[in-house]
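What follows is the residue order along each chain.
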Amino acid sequence: EHGSCTDHLVAGRSTIPQAGRGAFLTRPLGEGETIAPMPLIHLAKKSMLDMYLPLRNATDPFERETARNMTLGPHHQQLMLNYCFGRDDLDILLCPYGVANGLVNHAPP
């Protein structure tokens, strides 16, 4: 009664060159019908996905494994950022997770 069925969705290879795999409908959907449930993880700051190089001169074994060199700035960002929704003028990100998340393309056409 309160669940969501995704039997109308299948994974497949895109016909668009270099687009990879995606989600495809097995039947037409009606107006306002949900394509796939997409719960969202709310990240208050985009910088939460920044990655830093390890701190090389740490003496404590635990610190050697966990400490990061923040003085050089971010080395790169988590791959998860590619799947999040956000705006340039806001620091908030909404990151979907769920069964169909890796198949849904949310990039502009």
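Remember, it's a predicted structure, so these values are computed and weren't measured experimentally.

*Asks:* Can you lay out the overall build of the protein for me, pointing to particular residues and giving the numbers?
*Replies:* When helices and strands are counted, the protein shows one helix and seven strands. Along the protein, helices (α) and strands (β) appear in the sequence β-β-β-β-α-β-β-β when read from the amino end. Counting only C-alpha atoms and orienting by the principal axes, one finds that the protein spans roughly 60 × 35 × 30 Å. A burial count over the protein gives 17% of its 109 residues as buried. When contacts within the protein are restricted to residue pairs at least 6 apart in sequence, long-range pairs at least 24 apart make up 48% of them. Of the roughly 8700 Å² of accessible surface on the protein, a fraction of 57% belongs to carbon and sulfur atoms.

*Asks:* Could you give me a rundown of the state of the cysteines, with the residues and numbers involved?
*Replies:* Going through the model one piece at a time under the given rule, you end up with one disulfide. Covalently, C84 is tied to C95 through a disulfide, its sulfur atoms 2.0 Å apart. Taking the torsion about the S-S bond as the criterion, the C84 to C95 disulfide, at about 105 degrees, is right-handed. One end of the pair, C84, is in the loop between β5 (76–77) and β6 (85–86); the other, C95, is in strand β7 (residues 93–96), with eleven residues separating them in the sequence.

*Asks:* Hey, could you go over the pattern of salt bridges for me, with residue numbers and the actual values?
*Replies:* Summed over the entire model, instances satisfying the criterion amount to three salt bridges. Two residues, K45 and D91, come together in a salt bridge whose shortest N-O distance is 3.9 Å. Taken together, the positions of K45 in the loop between β3 (40–43) and β4 (50–51) and D91 in the loop between β6 and β7 put the pair 46 residues apart, joining distant regions of the chain.

*Asks:* How would you summarise the pairing of β7 if you had to cite specific residues and measurements?
*Replies:* Of the strand pairs in this sheet, β3 and β7 are connected by four bridges, and their pairing is antiparallel. In the sheet register, I41 faces β7, and the bridge partner there is C95. One ladder, built from two bridges, connects β6 with β7; its direction is antiparallel. Within β7, the residue paired with G86 across the bridge is L93. Connecting β6 to the next strand, β7, in antiparallel fashion are six residues.

*Asks:* For the nonpolar core, give the residues involved together with the corresponding values.
*Replies:* One finds L43, L49, C84, L93 and C95 forming the largest nonpolar core, which totals five residues. Ignoring any residue separated from it by four or fewer positions in sequence, one finds C95 in contact with P39, L40, I41, L43, M80 and C84.

*Asks:* Give me the lowdown on the environment of G32, citing residues and values where you can.
*Replies:* Its location among the elements puts G32 in the loop between β2 (21–25) and β3. Spatially, the C-alpha atom of G32 lies 20 Å from that of L103, the residues being 71 residues apart in sequence.

*Asks:* Describe the sheet that holds β7, and please don't skip the residues or the numbers.
*Replies:* On the basis of which strands lie adjacent, the open sheet formed by three strands has the order β3-β7-β6 and antiparallel pairing. Taken across any chain shown, the strands that pair with only one partner, and hence form the sheet edges, are β3 and β6.

*Asks:* Outline unusual backbone geometry, listing residues and values.
*Replies:* Phi is positive for Q18, which is not a glycine, with a value near 65 degrees. Residue placement: Q18 occurs in the loop between β1 (9–13) and β2. The class of Q18 is exposed, set by a relative accessible area of 87%.

Thresholds applied
Residue positions within a chain follow its written sequence, with the count starting from 1. Given that this is a predicted model, residues contribute local features only at a pLDDT of at least 70 and side-chain atom pairs are listed and counted only at 80 or more, while totals for whole chains, interfaces and linings are drawn from all residues. Excluded from the side-chain calculation are hydrogens and water; included are all heavy atoms of the structure. Every helix listed is a DSSP run of H or I at least four residues long, and every strand listed is a run of E at least two residues long, numbered separately from the N terminus. For every residue, the accessible area (1.4 Å probe, protein chains only) is compared with the maximum for its type, and the residue is labelled buried under 20%, exposed over 50%, or partly exposed between those bounds. Working rule for contacts: check all heavy atoms of both residues, and any pair within 4.5 Å makes them a contact. Working definition of accessibility: Shrake-Rupley area with a 1.4 Å probe, residue cover restricted to the visible protein chains. When the sulfur atoms of two cysteines come within 2.5 Å, that pair is taken as a disulfide. The salt bridge criterion pairs a side-chain nitrogen of Lys or Arg with a carboxyl oxygen of Asp or Glu, the two atoms within 4 Å. Think of it this way: DSSP has to see at least two bridges between two strands before they count as a pair. Side-chain atoms within 4.5 Å are what join buried Ala, Val, Leu, Ile, Met, Phe, Trp, Tyr and Cys residues into a set we call a nonpolar core.

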